[in-house]
Amino acid sequence: MPSNGQTNWIEVDLEAIRQNVRRLLQITGVQVMAVVKANAYGHGLVEASRAAVEGGATWLGVARIDEALTLVQAGIPATPVVLGYTEPERACEAANQGVRLAVYDRMVAEAYAAGAKNAGSPLYVHAKFDTGMGRLGHSPKDGVEFIHWLKGLPHVQVEGVFTHFAEADEPQKPTTLKQLAVFDELLQGLNAAGLRPPLVHAANSAATILFPQARYNLVRPGIAVYGLQPSPTAPLPSGFRPALCWKARLASVKMFPPGHGLSYNYQYFTTREERIGVVTVGYADGFRRVAGNQVLVRGKRVPVVGAVCMDQCLVQLDEVQDARIGDEVILIGREGEEMISAEEIARQWGTIGYEVVCGLGARVPRVYR
Ligand SMILES: Cc1ncc(COP(=O)(O)O)c(C=O)c1O
């Protein structure tokens, strides 16, 4: 295999992202806001966003205004929405660049209006309601009054109303239906008062798939765009595939005698003569310093042994007699019959697939296919 000159890299299959978004459009029949915050869940903000838009996404959800501005500057033809908090001093910039902001607090909304006064265009906002997540959002109880008040602010246009689910990936629990009931009551109030904004959105990936009534006229999936499962109880249907592979290389292959300590603090001792490889991945790349990691070398699963270092780790290669310096090592991805998924690593690390991909190091180059 020709070398790409890298020792640790992420391959992103942009066609997988396009296909996953096409599938979301096909399943829902409504507009898609691809959530691309956190460097598009580690996949690369600009490239993954472009692919999501090519697949049919018309909105892009981010967490920070600078992510939104990066998308605008890159000329990605979809509208960015900052789903989290934005400092009021950025409101003028947001208005000028067409970046939508979330609002849920009167004081902050007033400050946004004051900031937008100096902009060449109005500030478009999406009002966020806390229907039960217990995080950001205005109370839905006086939600109609809030929207009425918001619509009266100068230089501000209320374009959307939204909420977020706490447990949509655990559909057996009653929370999502309860949150939906609260949100629907608010929407009825808004309808009755003639105040319903054009866009209504609520569904993350799990709700998009499992709760059709949560789709309204826009869905807001993140993890499904990248082909990863929201959770074991919210698997993706057919037609989605993971977009990301993570690879490194063997930097050394050596034989060690029995009883030899390996890596920092000698957490592993050879028990016989053992073939040990050094792999070019460490915790600075996002490969956690926990016991029990495995990787693929020449299509075989091998155990990581000893402590994971900052830039390297060690693997036991007795099962791969032909392993050589320069061989590709798969950390996430498939080789032959074997596959290590982000979800498998998440189980091993006691976390969720989201954290695995979002935690991939900034220094790891993303290579696009
Ligand atoms: C407000 C909001 N909407 C949508 C999403 C997308 O969620 P998921 O990746 O589970 O689809 C997130 C992700 O955390 C979010 O914070």
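Quick caveat: nothing in here was measured; it's all calculated off a predicted structure.

Here is what the cut-offs are and how they apply
Residues numbered from 1 in each chain as written. Predicted model: local features only at pLDDT ≥ 70, side-chain atom pairs only at ≥ 80, totals over all residues. Heavy atoms only, no water. Helix = DSSP H or I, 4+ residues; strand = E, 2+ residues; numbered from the N terminus. Buried < 20%, exposed > 50% of the residue type's maximum accessible area, 1.4 Å probe, protein only. Contact = heavy atoms within 4.5 Å. Areas by Shrake-Rupley, 256 points an atom, 1.4 Å probe, with all protein chains shown as cover. Lys, Arg positive; Asp, Glu negative; His and termini not counted. Charge placed at Lys NZ, Arg CZ, Asp CG, Glu CD. Domains from an automatic or database assignment. Arc of directions from axis to C-beta. Core = buried A, V, L, I, M, F, W, Y, C linked by side-chain atoms within 4.5 Å. Near = heavy atom within 4 Å. Polar contact = N/O pair within 3.5 Å; in protein donor to acceptor, adjacent residues only side chain to side chain. 1 Å grid on protein atoms, 1.4 Å probe; cavity = no way out; pocket = protein on both sides within 12 Å on 5 of 7 lines; lining within 4 Å. Sits in = over half its atoms within 2 Å of the grid points. Nonpolar A, V, L, I, M, F, W, Y, C, P; charged D, E, K, R; others polar. Pairing = 2+ DSSP bridges.

**A closer look at the overall build of the protein chain**
Move 1: The helix and strand inventory of the protein chain stands at eleven helices and 19 strands.
Move 2: Along the three orthogonal principal directions, the C-alpha set of the protein chain runs to about 80 × 45 × 35 Å.
Move 3: Out of the 369 residues in the protein chain, the part that is buried amounts to 54%.
Move 4: Contacts spanning at least 24 positions in sequence make up 68% of the contacts within the protein chain whose residues lie at least 6 apart.
Move 5: Surface summary for the protein chain: the accessible area is close to 15700 Å², and the carbon and sulfur share equals 51%.
Move 6: Side-chain charges of the protein chain comprise 36 positive and 36 negative groups, with the mean position of each set lying 2 Å from the other.

**A look at the domain arrangement of the protein chain**
Move 1: Annotation of the protein chain at the domain level lists domain 1 (14-226) and domain 2 (244-340).
Move 2: Between the C-alpha centres of domain 1 and domain 2 the distance comes to 42 Å.

**Overview of helix α7 (residues 143-151)**
Move 1: Considered for burial, the residues of α7 that qualify are Gly143, Phe146, Ile147 and Leu150. What you see down the axis of α7 is that its buried residues fit within an arc of 95 degrees, all on one side.
Move 2: Close packing links the buried residues of α7 with β5 (100-103), α6 (106-116), β6 (123-129), β7 (156-163) and α8 (175-192).

**Observations concerning the nonpolar core**
Move 1: Formed by 119 residues in total, the largest nonpolar core has its most connected members in Ile17, Leu150 and Phe287.
Move 2: For this core, the leading source of residues is helix α3 (residues 45-54), giving six residues.
Move 3: Each of two domains, domain 1 (14-226) and domain 2 (244-340), supplies a minimum of three residues to this core.
Move 4: In this structure, Leu262, Val278, Val305 and Leu314 belong to the second largest nonpolar core, which totals six residues.

**Things to note about the site of the ligand**
Move 1: The ligand sits among 14 residues. The nearest are Tyr41, Ser205, Arg220, Gly222 and Tyr354.
Move 2: A distance of 2.6 Å is found between an oxygen atom of the ligand and a side-chain nitrogen or oxygen belonging to Tyr41.
Move 3: In the model, an oxygen atom of the ligand is placed 3.4 Å from a nitrogen or oxygen of the Arg135 side chain.
Move 4: When isolated, the ligand has an accessible area of 390 Å², and the protein chains bury 91% of it.
Move 5: The pocket occupied by the ligand, as judged from atoms lying within 2 Å of grid points, is the largest pocket.
Move 6: Tallied by class, residues from the shell around the ligand come to six nonpolar, four polar and four charged.

**Structural notes on the side chain of Gln179**
Move 1: Following the sequence through the fold, Gln179 ends up in helix α8.
Move 2: Ignoring anything within four residues of it in the chain, the contact list for Gln179 reads Thr131, Gly132, Met133, Thr163, His164, Phe165 and Ala166.

**Here we look at the pairing of strand β1 (residues 8-12)**
Move 1: Burial analysis of β1 places five of its five residues in the buried class, the great majority of the element.
Move 2: Both faces of β1 are covered, namely the face carrying Asn8, Ile10 and Val12 and the face carrying Trp9 and Glu11.
Move 3: Taken together, the five bridges between β1 and strand β10 (residues 244-256) define a ladder with antiparallel strand orientation. If you follow Val12 over to β10, its bridge partner there is Leu244.
Move 4: When β1 meets strand β19 (residues 366-368), the two strands line up parallel, connected through three bridges. Across the sheet, residue Val12 finds its bridge partner in β19, namely Tyr368.

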